[in-house]
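Examination of the molecular architecture
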Amino acid sequence: MATAQPLQNLRIGIAGLGRLGQRHAEALAFRTRHCSLVAACSPVASERAFAGEQLGIGRLYEDFDAFIADPEIDVVVLVTPTSLHANQAIAALEAGKHVFIEKPLALNLADCERVLAVAEKHPQQVAMVGFVRRFDPSYLAAQASVAAGEIGKPFLVRSQTCDQNDPEGFFVRFAPTSGGIFMDCSVHDIDLARWMLGRPKALRAFATGTNALHPALAEFGDVDNGLAVVEFEGGAKAVLYASRTMAHGHETSTEIIGTAGKLLVGEHAARDRIVRSDSLGVRHAVLGDFYERFEAAFAAEMAAFVAACRGVQPLTLTLSDALEATRIGLAIARSLRSGMPEAV
Ligand SMILES: NC(=O)c1ccc[n+]([C@@H]2O[C@H](COP(=O)([O-])OP(=O)(O)OC[C@H]3O[C@@H](n4cnc5c(N)ncnc54)[C@H](O)[C@@H]3O)[C@@H](O)[C@H]2O)c1
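For the ligand, the set of nearby residues contains 28 residues, the closest of which are Leu17, Arg19, Glu47, Thr82 and Lys103. Contacts to the ligand include Leu17, whose backbone N or O atom sits 2.9 Å from an oxygen atom. Note that an oxygen atom of the ligand is positioned 3.1 Å from one of the side-chain N or O atoms of His188. Of all the secondary structure elements, the ones that give two or more residues to the shell around the ligand are helix 4 (85-94), helix 7 (170-178), helix 8 (180-197) and helix 9 (290-309). Counted by class, the shell around the ligand contains 13 nonpolar, ten polar and five charged residues.

Another point: the sheet that holds strand 5 (residues 98-102). Spatial ordering of the open sheet is given by 3-2-1-4-5-6, a layout of six strands whose pairing is parallel. Looking along the sheet, the strands with just one partner apiece sit at the ends: strand 3 (59-61) and strand 6 (127-130). Taking the axes of each pair of neighbouring strands and ignoring which way they run, one obtains an average angle of 25° across the sheet. As paired elements, strand 2 (residues 35-41) and strand 3 share three bridges and run parallel to each other. Of the residues in strand 3, the one forming a bridge with Ala39 is Arg59.

A few words now on the domain arrangement of the chain. Partitioning the chain into structural domains gives domain 1 (10-130) and domain 2 (134-296 + 325-343). Computed from C-alpha coordinates alone, the two centres of domain 1 and domain 2 are separated by 26 Å. Between domain 1 and domain 2, the contact holds 17 residues from the first and 17 residues from the second. At the boundary of domain 1 with domain 2, total buried surface from both sides reaches about 1400 Å², with 63% on carbon and sulfur atoms.

Relative to the elements of secondary structure, Ala308 occurs in helix 9. With a relative accessible area of 0%, Ala308 lands in the buried category. For the pair Ala308 and Val126, spaced 182 residues apart in sequence, the C-alpha separation works out to 6.8 Å.

Okay, the pattern of salt bridges next. In this structure the tally under the stated criterion is 22 salt bridges. For Lys103, the salt bridge is made with Asp184, and the minimal N-O distance between the two is 3.2 Å. One end of the pair, Lys103, is in the loop between strand 5 and helix 5 (109-121); the other, Asp184, is in helix 8, and 81 residues separate them in sequence. Look at Lys103 and you get buried, because its relative accessible area is 12%. For Asp184, a relative accessible area of 7% gives the class buried. With a closest N to O distance of 3.2 Å, Asp184 and Arg244 form a salt bridge. Of the two residues, Asp184 sits in helix 8 while Arg244 sits in strand 10 (residues 237-246), which places them 60 residues apart along the sequence. There is no split in this pair, since Asp184 and Arg244 are both buried. Residues participating in the shared-partner salt-bridge network are Arg134, Asp191, Arg194, Arg199 and Asp321.

What counts and how
Residues numbered from 1 in each chain as written. Predicted model: local features only at pLDDT ≥ 70, side-chain atom pairs only at ≥ 80, totals over all residues. Heavy atoms only, no water. Near = heavy atom within 4 Å. Polar contact = N/O pair within 3.5 Å; in protein donor to acceptor, adjacent residues only side chain to side chain. Helix = DSSP H or I, 4+ residues; strand = E, 2+ residues; numbered from the N terminus. Nonpolar A, V, L, I, M, F, W, Y, C, P; charged D, E, K, R; others polar. Pairing = 2+ DSSP bridges. Axes fitted to C-alpha atoms, helices over the stretch in contact; angles between N-to-C directions. Domains from an automatic or database assignment. Contact = heavy atoms within 4.5 Å. Buried area = accessible area lost by both parts, 1.4 Å probe. Buried < 20%, exposed > 50% of the residue type's maximum accessible area, 1.4 Å probe, protein only. Salt bridge = Lys/Arg side-chain N within 4 Å of Asp/Glu carboxyl O.

This is the structure:
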């Protein structure tokens with residue numbers, strides 16, 4: 001990977017200022033070193049006003065094509081609906097920008113392959129997909145332990161992404177562009193499983209699910225609780241659970257089981273290190289949402305991306321990892337519809 005501007009601050013433009021984009025924007029504006037957030041793009045006037053008034057950003061765009069043509073932007077961060085990622089990433093690369101793409105890369109393989117092909121033509125530019133858990137200190141420590149052979153040969157990953165129930169049903173409106181619960185939530189667990197198991201080839205997937213609280217999802221062929229099993233070459237397996245309906249809070253946890261031990265990351269969703277004991281029992285506060293759980297990881301992820309753009313640190317996470325995660329997610333989604341195991 002070549003260096004673009006190793007010594008100067010990168011000028012970043014962000015597209016998408018919704019649920020996650022606003023948080024990325026705040027972190028980039030106030031808490032990320034070696035870069036300045038100089039531009040923002042959103043079709044929504046209130047989101048542009050947020051960027052101008054709250055973050056002090058002067059270059060505000062309603063139109064993505066005008067945004068991408070701005071010569072004062074070195075780097076584009078895409079936090080837009082997943083269905084737009086591929087075309088916007090390609091436009092950013094072709095405009096000479098480095099690009100960060102929120103997960104998943106795209107909702108079909110042809111789109112993933114188009115992004116990879118364009119990225120290959122621009123080897124001087126960094127293109128990274130935001131699998132944030134790879135930057136979480138606990139997941140990093142677990143992966144280092146697995147790689148050092150401390151649990152022997154890993155053969156099973158059990159991983160879950162479970163959100164607290166949102167009675168407003170934000171994700172129901174989100175369903176048409178998210179790719180469904182597995183592509184939206186389990187794609188993180190899929191990437192983790194591949195990472196922990198040493199990137200084996202996936203062979204087959206089976207999925208099932210139910211709508212426990214949000215029947216409106218059925219219209220989109222989606223579920224609010226989904227279970228999947230993925231079989232890999234060499235015998236390793238992943239067992240995935242995703243939920244939109246937890247009563248207690250957000251709970252992302254992963255168990256990596258090997259021939260000489262196992263690791264458990266994130267169990268019990270504890271918000272802090274306080275355990276309260278009183279006449280009601282023994283309990284701790286729980287995490288409210290994914291951002292509370294992974295705020296430090298999001299910061300480390302953006303720092304790693306900026307470092308890669310400045311040429312000071314190579315990326316370990318590749319676009320082909322992101323393509324494989326989409327490939328597995330698609331087989332899982334097909335199985336949910338067919339009720340049968342599907343080849344990956
Ligand atoms: N890494 C994670 O854990 C994580 C968590 C949440 C969301 N995400 C990903 O982030 C992306 C956004 O999710 P969200 O929850 O913030 O969604 P959202 O719907 O809240 O936000 C989407 C934003 O994109 C903007 N937008 C729509 N069309 C646009 C266009 N043509 N150009 C520029 N902006 C446009 C919208 O105005 C909105 O600001 C999705 O791909 C999602 O999968 C990742």
